[in-house]
Amino acid sequence: MINNNSSNNAWVVFCKNTDLRILKFLKSGFKHCFVILNDGDNWITYDPMSSFTDIMVHKTPISFDLPGWFAKRGDKVIRTFKVKHNNVVPLSFYTCVESVKRILGINKVFILTPYQLYKYLIKINLKKGDC
């Protein structure tokens, strides 16, 4: 069950597949990433893709485990948290990783690939107590 008072919670989904040939060089299992948020009443996905960004409010019961559903599909899902800071975020190319970093408040210039983001989230979750 989701803690309705915890608006800092987020889940990052790492996808193993992509239709873009240019991304085939990325580590297997980490071709794309997007964010799942929960506002206490709704599941919301923010999925930045190459041609558009899909933001969707899912009309499912709040008890539905959307992160678990993605995990059962074979995607890697990490529960994490949003960080609030006042630092200016460096200019960067618009990628799925950069979009996810902006939503989460991650200000790390050298996190460029989904796998690097995955490793970073594992590290900060361990420091925070595995959210």
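Because the structure is a prediction, the values reported are computed rather than measured. (Residues numbered from 1 in each chain as written. Predicted model: local features only at pLDDT ≥ 70, side-chain atom pairs only at ≥ 80, totals over all residues. Heavy atoms only, no water.)

Peer 1: Sorry if this is basic, but what is going on with the pattern of salt bridges here?
Peer 2: Pairing is possible between side chains of opposite charge, provided their charged atoms come close. Applying the stated criterion across every chain yields a total of 3 salt bridges. Note that R73 and D75 form a salt bridge whose closest N and O atoms lie 2.9 Å from each other. Judged by its relative accessible area of 46%, R73 falls in the partly exposed class. The exposure class assigned to D75 is buried, which follows from its relative accessible area of 8%. (Salt bridge = Lys/Arg side-chain N within 4 Å of Asp/Glu carboxyl O. Buried < 20%, exposed > 50% of the residue type's maximum accessible area, 1.4 Å probe, protein only.)

Peer 1: What should I look at first to understand the nonpolar core in this one?
Peer 2: Note on soluble globular proteins: their nonpolar side chains tend to be buried together. If you look at the biggest cluster of nonpolar residues, it comprises 19 residues, and the most contacted ones within it are V12, F14, C33, L117 and L121. At the level of elements, β1 (9-15), β2 (32-38), β5 (76-81), α2 (96-104) and α3 (114-128) are the ones that each hand at least two residues to this core. Counting residues per element, this core draws most heavily on α3, at 5 residues. For L121, the contacting residues outside a window of four places in its chain are V12, F14, I78, T80, L104 and I106. V13, C15, I36 and L66 belong to the second-largest nonpolar core, a separate cluster that totals 8 residues. (Core = buried A, V, L, I, M, F, W, Y, C linked by side-chain atoms within 4.5 Å. Helix = DSSP H or I, 4+ residues; strand = E, 2+ residues; numbered from the N terminus. Contact = heavy atoms within 4.5 Å.)

Peer 1: Can you help me understand the sheet that holds strand β3 (residues 43-48) in this one?
Peer 2: Hydrogen bonds between backbone groups are what pair the strands of a sheet, and the pairing can be parallel or antiparallel. In spatial order, the strands read β4-β3-β2-β1-β5; together these 5 strands make up an open sheet with antiparallel pairing. Two strands in the sheet have a free side with no partner beyond their single neighbour: β4 (53-58) and β5. Neighbour-to-neighbour, the strand axes of the sheet open up by a mean angle of 20 degrees, direction not taken into account. As judged from the 6 bridges shared by β1 and β5, these two strands associate in the antiparallel manner. Across the sheet, residue A10 finds its bridge partner in β5, namely T80. (Pairing = 2+ DSSP bridges. Axes fitted to C-alpha atoms, helices over the stretch in contact; angles between N-to-C directions.)

Peer 1: Teacher, can you tell me more about α2 here?
Peer 2: Structurally, the α-helix is built with 3.6 residues per turn, so residues lying three or four positions apart point the same way. Of all 9 residues that make up α2, 7 are buried, and the element is covered over most of its length. Taken as a whole, α2 has its buried residues at C96, V97, E98, S99, V100, K101 and L104. With its phi angle positive at about 80 degrees, G105 sits one or two positions after the end of α2.

Peer 1: Honestly, the packing of aromatic side chains in this entry has me stumped. Any pointers?
Peer 2: In this description, a pair of aromatic rings is defined by centroid distance and the angle of the planes. The full count for this structure, using the stated rule, is 8 aromatic pairs. Between F30 and Y115 the ring centres are 4.9 Å apart and the planes differ by 65 degrees, which places this aromatic pair in the edge-to-face class. Of this pair, F30 sits in the loop between β1 and β2 while Y115 is found in helix α3, placing the two residues 85 residues apart along the sequence. Look at Y115 and you get partly exposed, because its relative accessible area is 26%. Ring pairing ties together the aromatic residues F14, F30, Y115 and Y118, which thus form one cluster. (Phe/Tyr/Trp six-rings, centres within 6.5 Å; stacked < 30°, edge-to-face > 60°.)

Peer 1: What should I look at first to understand the confidence of the model for the protein in this one?
Peer 2: Any region with low pLDDT has predicted coordinates that should not be read closely. In this model, the protein carries a mean pLDDT of 83, and residues with pLDDT of at least 70 account for 82%. Mean pLDDT in the protein bottoms out at α3, which sits at 86, and peaks at helix α1 (residues 66-72), which reaches 95. Note on residues 1-6: pLDDT is under 50 here. Beyond four places in sequence and across chains, it has 4 contacts. (pLDDT = per-residue confidence, 0-100.)

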